[in-house]
Structures are given as structure tokens and as C-alpha cells.
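So you can see what is in the structure, the chains are spelled out below.
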Amino acid sequence: MQVTVSSGNNINGTLVLPLFEGAESVPETNEGIPTALKSQINRVLGDGDFKAKANATMSLMGTEGGKAILIGLGKEDKADHHTYRKAGATIVASHKKHHGNEMTVFFDTSDIEAMASFAEGMMLRDYSYDHYKMADEDDEKTELSARMNCNEGDATALSAAIDRAASITSGVHLSRDLGNCPPNDMYPMAFAEKAELWAKEYDNVKVQVIDYEAAKRHGMGGLVAVGMGSSRKPCMVIFTLNGDQKGQHPVLVGKGITFDTGGISLKPGANMDEMKYDMGGSATVFGTMQALASCGYDKKVVGITCMAENMPAANAQRPGDVIKTLSGKTIEVLNTDAEGRLVLSDGLWKAGTDFDAEYIIDFATLTGACVVALGHEATGLWSNDEDFRTRIHEAGNAVGELAWPMPLLPAFEKEMTDSKIADTRNLGAGRYGGANTAAAFLKQFVPERGEGDEAKQITWAHMDIAGTYWGAKTNKMVGNGATGIHVRTLVKLITGQ
Ligand code: BES
Ligand code: MN
Ligand code: ZN
């Protein structure tokens, strides 16, 4: 979607008018609305036919003065940038062909953040995944375009804010494209090839692929065990942004199970198709790298994605197997469906040992238990550092992507390390607290920094996006399918804006 800025007070296409509850006429600041259209809007408002409740819309089509869509912002004293972002998204969600493809938004505010948020909501929501549909010639889709009308003095700043939002949106949309891609086309090396192709677009990014043979050589026992049963072999993809910058930097790690059948511990058939989005963590990492590169971020960031397809096969791993991971620690595999933690054990270890990580955050559609705990409304958030956990929680709140603090208790760690024959076990003792035991398991693979008494585990957070990466019906920024959640949280956390 093309979003431009203008201070000319003229309307291109359909007028979009965001209004606060209680508005009885067109705001006086809105100059340039044709008289016929203005009086029709005033009549509707004066009669109380449109109350401007948050996200209510009304379209006024056949007047001489042109078309208009009214969009409610709710109560003025409650309106913040989230309100504007949701209103922008609502306009696109309710957009019909007869509204036309061009829109001009007139605001009753000169708050640049509010206007940019409205544009951001429009851009985020303007997404559909139809690569696999035959193009219908009659129904040729023309791109939506929107013009934000503002004061002359605000145009440059608003334009810059919208450009940045467009860059970030490109990362969110990339994450969704990857998550929505069917699993026959999205397999580990296909993801790697997309990453390599992407790296050609920027001079300051690098992508390294550790393929199956190399992973075996390096001793990535978790990644290899999960992926070996598939004819689509596993790999690890490492993204580096601004690799020439010195000093500590964030390292992001993503679970990339391109399809999770459960393996020999086979899942039941119902809704198994949805397990194509079990690579949502890797899509979050890739999408974030795109968002950061596109906005011109100039510091170093590394992303590590652990790609594998979890299949049952003659050469698949078995429940009962003991595997040795990159860290040297062994895992008793009690259930092959708890595979995400196995591939992440190698990714986390690599993150903390091969890089000078300021902090590590992993993203994973890790447990059904997290969906039981938090539904589709919030991501589960665990960390070995409370201040860091709070920073992530706040970055999420700031962009409307909720991440809820969850406990890393010593008892859960004990539960995951009391295997009779290995250092760790990939299954808890019972099914209770399954999201917490999974987090406690991951913690065993976060390296320490420093020697002896000085040794301290690297700052780390785990985000379980099983409920928020997919099927989040109340997320207004997306219609259906992959949500692309947390690309915006990460940009906020990493860049501070
Ligand atoms: N990918 C699933 C978790 C999942 C479930 C994501 C539902 C999205 C929606 C994960 O690999 C898994 O199978 N987890 C098991 C763990 C169990 C065997 C300890 C689960 O949640 O049942
Ligand atoms: Mn699984
Ligand atoms: Zn999984």
C-alpha cells in the first residue's frame, strides 16, 4: 500500500474522517471538504446516526461532493496511538471495492505520532496471502493508496515517521508470508534459500547456512535428531546485520519447524495442517532482520534460526533416544513431539558461545500449554533477568503486542534435569506447567560468560508465541493466518523507537 503525505487540503478519492465520540459536526480544522459532502456528514452526525464509538465505521457513498468513510476513535480523553493504529487497520479491514482504491485522511489532530500510527495500522492490515490462487482477470486487484492530510509544517516529520512504519511493516509482512507458506514449499533449505536471496538486497547483511552435513560435523545433536527423519534435511541459518560493528549486540534465536507431525510420538490428525506455522519463531527472526535492515539500523544484530521438519520415518529419532547437543550436554528424548526445545538447545548454545551477545531472545511456537495459559491474547515471556523481562514487556505494550511475564522456577529446572540416564530430559514429569517446564529446559542451554566465581549466565529471554503467532482473532492488525507478531516489539526494543 502506498501512503503519502499532503498539506493541500484536497481530497483524492474517498475522504476518510476519524472522529471522536460526541462529534456533532465535521471538525473545524478540516478545511477543503466540498460543501455537499460536508453537509451530508453534518446531518448524519447532528442526527446522532454515527456515534463514533471506537472502530465503528459508516460509509457515505452517493453524494455530489464525493464519497466518505467515517471511522470512530471512541472517547477523546482515552485515545492514544493504539486507538489510531486500530482505526487505520479497521478502515482497511472494512474496505470494499465500491469505496475505491484511493483514500485521503483528514485528521482532527496535529499529533504526528497519532497520524503515523493511523497510517501504520492501514499498512499492517493491508495484507493477504494469495500466491496460491489463480489470478482472476476481472477482479484484478489494484493497490490501495492513502494520503494523509496534515499541516504544512508537519509534513516532513510525518513523512519520515510513515516511511519508517512502512519499513517495519515490510518485516511483519515477510514474517507472515513465511508463516503462511504451505509446508510442501516451506522446508528447511527453502527457508535458507529465501534468506540467501534476501541477503543480496542489502550490502550490510550476511547470511550463513549450516547445512545438514555441517550440522552433523559441528555436533548439533538436537537439530540433527529432530530433522534426520525427513527427506527435507535440517539446517541452521545465521543472519548478520552490520557485522563489521564491534562490541556486544543482541542475538535472536528462532524455532523453525517447517512442519511438526510430532515425529514417532505422532500428533492426532485434527488441525495438524496448522503445524506448518511451527516455524513462526524463525519467521519472527527473519522478519525482524528485514525490518531493521529496511529502516537503516546501523548497529550489529545477529539472528539464528534452527530449521527442521519433524517427521516419523524409519530413520527418525525414537522416544528413549539419548542425544548429545552442541553444548556437550545430553538429552533423554522422552517424546519426539517436544522437538522445538531440542533444536533450540543448539541455537541458544551457538548464540552465547560464537557471538558476543548483549542478550539472547528466543522465539518459539513451543507449547500447547502456553496457549492453555494465555489463549491467543499474549505471548508467554520468561527471562533469567527481571529488568530485561520488564523491558521486553514494556516494548510489547508500547506497540500493542502483549508479552506476559511467566515464572522460571528452580523446581521446574529440577524436573527437567532429573533424567536417570542423561543430563536433561525433554519432557516434564507430568503435563502440568508444560510451558514453564519447557522454558526451564531451554535455560539449561544458555551459556555462561566469565570464569569461576565471576561466571554468570548471559541475559536471556524466551518468548512462547504458540498462541499469538496464529489464529489471534482479536489482533486487529491481521485478517487471518500468520500474525507476524513481535517484529515490531523487537524493533522497539533494539532501536529504542
Ligand atoms: N509445536 C508444538 C506446540 C504447539 C501446539 C504450537 C499448538 C502451536 C499450537 C510443540 O512442538 C509440541 O508439540 N509441544 C508439545 C509438548 C509436549 C509433548 C511436552 C505440546 O505442547 O503438546
Ligand atoms: Mn511438537
Ligand atoms: Zn513444534
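As the structure is a prediction and not an experimental result, all values here were calculated from the model.

Examining the packing of helix H11 (residues 386-399) against helix H14 (residues 487-495)
Packed helix pairs are specified by the crossing angle of their axes together with the interaxial distance, meaning the distance between the axes. Relative to each other, H11 and H14 sit at 120°, their axes nearing to 8 Å. With respect to H14, the element H11 is oriented oblique. The two elements H11 and H14 cross, and the hand of that crossing is right-handed. On the side of H11, the interface is formed by Arg 391, Ile 392, Ala 395, Gly 396, Ala 398 and Val 399, while H14 contributes Arg 488, Thr 489, Lys 492 and Leu 493. A per-class count over the contact of H11 with H14 returns 5 nonpolar, 2 polar and 3 charged.

Considering the environment of Thr 142
Along the polypeptide, Thr 142 turns up in the loop between helix H3 (112-125) and strand E6 (145-149). Overall, the presence of 9 C-beta atoms within 10 Å leaves Thr 142 in the exposed class. Note: C-alpha distance between Thr 142 and Arg 341 (199 residues apart in sequence) is 43 Å.

Details of the site of ligand 1
In the neighbourhood of ligand 1, 16 residues make up the surrounding shell, with Asp 337, Ala 338, Thr 367, Gly 368 and Ala 466 lying closest. The leading source of residues in the shell around ligand 1 is helix H10 (residues 368-374), at 3 residues. Counted by class, the shell around ligand 1 contains 6 nonpolar, 6 polar and 4 charged residues.

Let's talk about the sheet that holds strand E11 (residues 322-324)
Strand order in this open sheet of 3 strands is E11-E12-E16, and the pairing throughout is mixed. Only two strands of the sheet have a single neighbouring strand rather than two, namely E11 and strand E16 (424-425). Pairing analysis gives 2 bridges linking strand E12 (residues 330-332) to E16, with the strands arranged parallel. Within E16, the position partnered with Glu 332 by the bridge is Arg 425.

Remarks on the pairing of strand E10 (residues 301-310)
The buried count for E10 comes to 10 of 10 residues, which makes it a mostly enclosed element. Judged by which residues are buried, E10 turns out to be covered on both faces: Val 301, Gly 303, Thr 305, Met 307 and Glu 309 on one side and Val 302, Ile 304, Cys 306, Ala 308 and Asn 310 on the other are all buried. Relative to E10, strand E8 (residues 235-241) runs antiparallel, the two sharing 7 bridges. Residue pairing for E10: Cys 235 is matched across the bridge by Met 307. Pairing geometry for strand E9 (residues 249-260) and E10, over 9 bridges, is parallel. Note that in E10 the partner of Phe 259 across the bridge is Glu 309. Since E9 and E10 lie parallel, the crossover through helix H8 (residues 280-294) that links them has a hand, and here it is right-handed.

Definitions and limits used
Residues numbered from 1 in each chain as written. Chains lettered and ligands numbered in written order. Predicted model: local features only at pLDDT ≥ 70, side-chain atom pairs only at ≥ 80, totals over all residues. Axes fitted to C-alpha atoms, helices over the stretch in contact; angles between N-to-C directions. Helix = DSSP H or I, 4+ residues; strand = E, 2+ residues; numbered from the N terminus. Parallel < 35°, antiparallel > 145°, perpendicular 65-115°, else oblique. Left-handed = near helix turned anticlockwise from the far one by under 90°. Contact = placed C-beta atoms within 7 Å. Nonpolar A, V, L, I, M, F, W, Y, C, P; charged D, E, K, R; others polar. Buried ≥ 20, exposed ≤ 12 C-beta atoms within 10 Å, placed from the backbone. Near = placed C-beta within 6 Å. Pairing = 2+ DSSP bridges. Right-handed = clockwise from strand over helix to strand, strands pointing away.

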